[in-house]
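Remarks on the overall topology
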Amino acid sequence: QVQLVESGGGLVQAGGSLRLSCTASGSFSSINTMGWYRQTPGNQRELVAAITSGGSTNYADSVKGRFTISRDNAKNTVYLQMDSLKPEDTAVYYCNANIYHTIAHTFVNYWGQGTQVTVSS
């Protein structure tokens, strides 16, 4: 059983910062890409940032220059440092990881439970 556990969400004023963390636990042999998505009511989940096992990153245009994704492969953890937050960043943020399933012998996408980020104006 693989689990992604997120932490770090909360309420912050515009211009402030938050750091999200997500740790994968369970039985697996490797993790490929890890990333963060966000979703607001009535809208589809959208990619915020992603990072490969080799460290290559990809960001949504709306967060470039303000958010930084990183990972610690030894800890199976991905981070999202969010600076200069804006009210439009308010959403539920979900961690995603592409993990090798040792029984199915294939990579499977897993999701965290989501953490609320609220930015007040």
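Structure: see above.
Here the structure is a predicted model, which means the values were calculated and not measured.

This paragraph deals with the packing of aromatic side chains. Counted according to the given criterion, the structure contains two aromatic pairs. For the pair Y37 and W111, a centre-to-centre distance of 5.0 Å together with 70 degrees between the ring planes defines the contact as edge-to-face. Taken together, the residues span a long stretch of sequence, with Y37 in strand β4 (residues 31–39) and W111 in strand β10 (residues 106–111) at a distance of 74 residues. A relative accessible area of 37% places W111 in the partly exposed class. Between Y100 and F107 the ring centres are 5.2 Å apart and the planes differ by 75 degrees, which places this aromatic pair in the edge-to-face class. Residue Y100 is classed as partly exposed on the basis of its relative accessible area of 24%. Over the ring of Y94 we find R45, and its NZ or CZ is 3.6 Å from the ring centre. The positively charged end of R45 is found above the aromatic ring belonging to W111, 4.6 Å away from the centroid.

Right, let's talk about the pattern of salt bridges for a bit. This model, assessed by the stated rule, comprises four salt bridges. We note a salt bridge from K64 to D61, for which the minimum N-O separation is 3.1 Å. Of the two residues, K64 and D61, neither departs from the other in class, the shared state being exposed. We note a salt bridge from R66 to D89, for which the minimum N-O separation is 2.8 Å.

In this fold, D89 is placed in the loop between β8 (77–82) and β9 (91–101). Assessed through its relative accessible area of 1%, D89 is described here as buried. At 2.8 Å, the side chain of D89 and the side chain of R66 are in polar contact. The residues contacting D89, other than those within four sequence positions of it, are R38, R66, F67, S84, V117 and V119.

Before going further, it helps to spend a moment on the nonpolar core. W36, L80, M82, Y93 and I99 are the most contacted members of the largest nonpolar core, which totals 31 residues. For this core, the elements supplying multiple residues, two or more each, are β1 (2–7), β3 (18–26), β4, β5 (46–51), β7 (67–72), β8, β9 and β11 (115–120). Here this core gets five residues from one element, more than from any other, and that element is β9. Non-local contacts of I99, meaning those with residues more than four positions away in its chain, are made with V2, L4, A24, F28, S30, I31, T106, F107, V108 and Y110.

Cut-off values and rules
Residue numbering note: each chain is counted from 1, following its sequence as written. The predicted origin of the model limits local features to residues at a pLDDT of at least 70 and limits the giving and counting of side-chain atom pairs to 80 or more, whereas totals for whole chains, interfaces and linings rest on all residues. Each side-chain value is derived from all of the structure's non-hydrogen atoms; neither hydrogens nor water enter the calculation. Any pair of Phe, Tyr and Trp rings, taking the six-membered ring for Trp, is counted once the centres come within 6.5 Å. Such a pair is stacked with planes under 30 degrees apart, edge-to-face with planes over 60 apart, and tilted for the rest. In this description a helix means any DSSP run of H or I spanning at least four residues, a strand means any run of E spanning at least two, and both kinds are numbered starting from the N terminus. The buried label goes to any residue with under 20% of its type's maximum accessible area, the exposed label to any with over 50%, and the partly exposed label to all in between, with areas taken from a 1.4 Å probe on protein chains only. Sitting over a ring, as applied to charges here, requires NZ of Lys or CZ of Arg to be within 6 Å of the ring centre and within 35 degrees of the ring normal. We define a salt bridge as a side-chain nitrogen of Lys or Arg found within 4 Å of a carboxyl oxygen belonging to Asp or Glu. We define a polar contact as two N or O atoms separated by no more than 3.5 Å, with the added condition that, inside protein, one atom must be a possible hydrogen donor and the other a possible acceptor, whereas residues neighbouring each other in sequence contribute only through side-chain atom pairs. In what follows, residue pairs with any heavy atoms lying within 4.5 Å of each other are defined as contacts. We call a set of buried residues a nonpolar core when its members are Ala, Val, Leu, Ile, Met, Phe, Trp, Tyr or Cys and they connect through side-chain atoms within 4.5 Å of each other.

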